[in-house]
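# Results of the structural survey
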Amino acid sequence: MEVEFSKENFLLPETKYEYLDHTADVQLHGWGTTLKEAFEQCGVAMFGYMTELDYVSVESCYEIEAKGDDIEGLLFHFLDELLFLFSCEPFLVCKKLEITKFDVENFEIVCRCYGEPFELGKHPQGTEVKAITYSAMQVVQDVERSNFEVFVIIDI
């Protein structure tokens, strides 16, 4: 669902993700000082693998919801909803994700996705992401050190 937003004072977060090699696929590694930030970073990493985010402008905002049975299921469904947003109309490429509801007791997320529709000629084609997988998925939570990491293998 598209939602209104203001471009005034709009800031992009620091990049806290990387791509790790994996046989025939790629592993996304996102981190942050909160689990919510690690989820957001992992989602942006997926979009960054599909196109170069430097070419993406923030022109629209869509809101998605995801639910899971556990924390790994929540991460899987969150990324799957983002992939759906890219794969179907509006074909949105997100430059920033802002989770507005992060309920780890009921495993629910509501997220605002900022970006623009993918456009050949403007956005370089990266690698197509076919699916999110549970294979070797990890959610690392070190509360004492405020260190949270997620690892997700995507099928390319």
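Everything here concerns the structure above.
Residues numbered from 1 in each chain as written. Predicted model: local features only at pLDDT ≥ 70, side-chain atom pairs only at ≥ 80, totals over all residues. Heavy atoms only, no water.

### Focus: the overall build of the protein chain
Test applied: Only DSSP runs of H or I with at least four residues qualify as helices, and only runs of E with at least two residues qualify as strands; both kinds are numbered from the N terminus onward. Put simply, the radius of gyration uses C-alpha atoms, and a globule should come to 2.2 Å times the residue count raised to 0.38. Exposure categories follow from relative accessible area, calculated using a 1.4 Å probe and restricted to protein chains: below 20% of the type maximum is buried, above 50% is exposed, and the middle band is partly exposed.
Tallying secondary structure elements over the protein chain gives two helices and nine strands in all. Here the C-alpha radius of gyration of the protein chain, 15 Å, is about what a compact globule of 156 residues would show, namely 15 Å. Projected onto the principal axes, the alpha-carbon positions of the protein chain cover approximately 40 × 35 × 25 Å. Relative to its 156 residues, the protein chain shows a buried fraction of 47%.

### Quick look at the sheet that holds strand E1 (residues 2-3)
Our working definition: Strand pairing is assigned whenever DSSP identifies at least 2 bridges connecting the two strands. Between two residues, a contact is recorded if the distance between any of their heavy atoms is within 4.5 Å. Helix axes are fitted to C-alpha atoms over the stretch in contact, other axes to C-alpha atoms as well, and angles between N-to-C directions run from 0 to 180 degrees.
Strand order in the open sheet formed by four strands is E1-E4-E6-E5, with antiparallel pairing between adjacent strands. Looking along the sheet, the strands with just one partner apiece sit at the ends: E1 and strand E5 (92-103). As paired elements, E5 and strand E6 (residues 108-117) share ten bridges and run antiparallel to each other. Across the sheet, Ile99 pairs through a bridge with Cys111, a residue of E6. Each of strand E4 (60-67), E5 and E6 is contacted by helix H2 (residues 71-87), which is oriented at about 145° to E4, the strand it contacts most.

### Section: the environment of Leu20
Secondary-structure assignment places Leu20 in strand E2 (residues 17-22). For Leu20, the residues in contact, after removing those within four places along its chain, are Val26, Gln27, His29 and Phe151.

### Details of the side chain of Gln41
With respect to the element layout, Gln41 can be found in helix H1 (residues 35-50). Under the relative-accessibility criterion, Gln41 is labelled buried at 5%. Look past the residues within four positions of Gln41 in its chain and what remains in contact with it is Pro13, Glu14, Thr15, Lys16, Tyr17, Gly30 and Trp31.

### Looking at the packing of aromatic side chains
What counts here: Only Phe, Tyr and Trp rings are paired, with Trp represented by its six-membered ring, and only when their centres lie within 6.5 Å; those with planes under 30 degrees apart are stacked, over 60 edge-to-face, the remainder tilted. A positively charged side chain is recorded as over a ring if its NZ (Lys) or CZ (Arg) lies within 6 Å of the ring centre. The angle to the ring normal must also be within 35 degrees.
Under the counting rule described, the total for this entry stands at ten aromatic pairs. Ring geometry for Phe76 versus Tyr134: centroids 4.5 Å apart, planes at 5°, classification stacked. One end of the pair, Phe76, is in helix H2; the other, Tyr134, is in the loop between strand E7 (131-132) and strand E8 (138-142), with 58 residues separating them in the sequence. Within the aromatic cluster, the residues linked to one another by ring pairs are Phe5, Phe10 and Tyr114. When the ring centre of Phe10 is taken as origin, the NZ or CZ atom of Lys96, which lies over that ring, is 4.6 Å away.

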